Amino acid sequence: MKVQVAIIGAGPSGLILGQLLAKAGIDAVILERHTPDYVLGRIRAGVLEQVCIDLMDEAGIGERMHREGLLHDGIELLVEGKRHRIDLAGLTGGKQVMVYGQTELTRDLMEARKAAGLTTIYEAQEVAVSGFDSDHPWVSYVKDGNRHTIACDFIAGCDGFHGVCRASVPKSAINLFERVFPFGWLGLLSDTKPVCDELIYARHAKGFALCSMRSRTRSRYYLQVPLSEKVEDWSDQRFWDELASRLDDEARQSLVTGPSLEKSIAPLRSFVAEPMRFGRLFLAGDAAHIVPPTGAKGLNLAASDVRTLGHALIEYYGGSSDGIDRYSERALRRVWKAERFSWWMTNLLHVFPDTPPFESRALKAELDYVLHSHAGRTTLAENYVGLPFED
Ligand code: RFL
Ligand code: PHB
């Protein structure tokens, strides 16, 4: 088998890239280690920036997203029991974000791919990427006990943080930057009415809490927990009690509790791999970088990477290699801005063990500044809704 682009991973990065390339008449195949149901069962992101919304439209699959997604004009910060609204739209000349679950976005992309008859090989085991330092790369995989090989012009590594693509690059060719946070987020999904029309980011002495949602009837809540916590030790009741204790009276009164549909703990990490191109192998999305979820940037960064990569590959087949030559530099400029914002927002809103008293007071003053200065609120708002593309 021979294709123009072999995409590894059927998460949002791989599926959006596949759709952009298919629209441009570029022949691509996607190899995915898991089943479609497994991919759809992972509860992850919930907030889309305009960049991601626009890209879904460009890929021709934004119809359900516009029908069912909830546009938000602002977010609430709850600090020491007091609410502060960040008027995202008012501070950014009308920009909004959309609440639409990663699961739904992935489902739309999978269905569009299936309807267009495009090839996705699920349950592809032992995927290997080779020859990307030459003009003739190839990928191989095992399916139903047989090994298959696909020759290609390019490989797109959209295989997430634990994927095979970044791991196949010689260590001497890659620089890694990492910060692992000393806590995780315990998430709970439930079919209950969200506690508020907007997201609430709460800083509390007991730790951070986030009230988010997937729809007007489905809520997603998170609690900062030590990494030593086990999800089995968190009954639904314990979760609701702890959440209520980190909110204000108004939220406590409107909090509707119910059985959890899903509960899981995610560690928080900042990570960047540089560069994002190795010959004919490109990394995109979580394969190249991870942000702590506080700024809601992971999925949106994945979308902006594949926008840049998709356009670069389309340009290449149109006769210019300028886009692929500049891919890594262009993507990384945006990546580092989102890394900085996510790291900053995480530092501001979480409780760190053993923070020295001086740093603790300085952070408190910074939060006070952000909440009460127009410039501070604007900085938060313009980063949260997503910085504009520079190209
Ligand atoms: P994914 O989604 O991890 O997909 C990679 C795919 O590659 C497959 N794979 C392989 N396939 C073949 N062979 C191999 N060797 C393979 N190794 C891996 C995997 O099975 C998988 O299907 O990466 P992608 O596409 O780059 O997408 C990134 C996003 O999923 C991620 O950044 C976001 O979910 C992060 N995130 C959030 N991002 C936002 O923009 N807004 C949010 O509100 C937000 N909230 C979150 C989040 C992530 C969270 N967790 C659990 C980490 C909330 C949480 C709790
Ligand atoms: C979510 O709904 O899962 C979510 C929302 C905002 C974040 C992180 C996660 O910052």
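Residues numbered from 1 in each chain as written. Chains lettered and ligands numbered in written order. Predicted model: local features only at pLDDT ≥ 70, side-chain atom pairs only at ≥ 80, totals over all residues. Heavy atoms only, no water.

The protein carries the name 4-hydroxybenzoate 3-monooxygenase in an unreviewed UniProt entry, which gives Magnetospirillum moscoviense as its organism.

K.L.:
Explain the packing of helix α1 (residues 12–23) against helix α9 (residues 298–317) here, please?
P.N.:
For any two helices packed against each other, the geometry comes down to the angle between their axes and how far apart the axes lie. Close contact between α1 and α9 brings their axes to 9 Å; oriented N to C, the two are set at 30 degrees. The orientation of α1 relative to α9 falls into the category roughly parallel. Helix-helix and strand crossings are classified by hand; for α1 and α9 the assignment is right-handed. Side by side, α1 and α9 meet where Pro12, Ser13, Ile16, Leu17, Leu20 and Leu21 of the first sit next to Leu299, Ala302, Ala303, Val306, Arg307, Leu309, Gly310, Leu313 and Ile314 of the second. (Axes fitted to C-alpha atoms, helices over the stretch in contact; angles between N-to-C directions. Helix = DSSP H or I, 4+ residues; strand = E, 2+ residues; numbered from the N terminus. Parallel < 35°, antiparallel > 145°, perpendicular 65-115°, else oblique. Left-handed = near helix turned anticlockwise from the far one by under 90°. Contact = heavy atoms within 4.5 Å.)

K.L.:
Sorry if this is basic, but what is going on with the nonpolar core here?
P.N.:
The nonpolar side chains of soluble globular proteins are, as a tendency, buried together. One finds Ile7, Leu31 and Leu48 to be the most contacted residues of the largest nonpolar core, which totals 75 residues. Top element by residues in this core is α9. It accounts for seven residues. Beyond its immediate sequence surroundings of up to four residues, Leu48 is in contact with Ile53, Met65, Val97, Met98, Tyr100, Leu105, Leu299 and Asn300. By size, the runner-up hydrophobic cluster in this structure holds 34 residues, among which are Ile86, Leu91, Trp185 and Val370. (Core = buried A, V, L, I, M, F, W, Y, C linked by side-chain atoms within 4.5 Å. Buried < 20%, exposed > 50% of the residue type's maximum accessible area, 1.4 Å probe, protein only.)

K.L.:
So what exactly am I meant to see when it comes to the UniProt feature "domain: FAD-binding" (unreviewed entry) in the protein here?
P.N.:
Under the UniProt annotation, the feature "domain: FAD-binding" (unreviewed entry) is placed at residues 2–342. The span residues 2–342 is 32% helix and 33% strand, and its two end C-alpha atoms sit 40 Å from each other. (UniProt positions renumbered as here; feature names shortened; annotations may be inferred.)

K.L.:
Is there a simple way to think about helix α12 (residues 374–384) in this case?
P.N.:
Residues spaced three or four apart along an α-helix face the same direction, because each turn holds 3.6 residues. Inspection of α12 places Gly376, Leu380, Ala381, Asn383 and Tyr384 among the buried residues, and these make up the whole buried set. The N-cap of α12, judged by a side-chain oxygen 3.1 Å from the amide nitrogen of Ala375 a few residues on, is Ser373. (Polar contact = N/O pair within 3.5 Å; in protein donor to acceptor, adjacent residues only side chain to side chain.)

K.L.:
What is the right way to read the sheet that holds strand β3 (residues 47–48) from this model?
P.N.:
Strand order in this open sheet of three strands is β3-β7-β4, and the pairing throughout is antiparallel. Only two strands of the sheet have a single partner each, and these edge strands are β3 and β4 (70–72). The sheet contact formed by β3 and strand β7 (residues 97–99) spans two bridges and is antiparallel. Of the residues in β7, the one forming a bridge with Val47 is Val99. (Pairing = 2+ DSSP bridges.)

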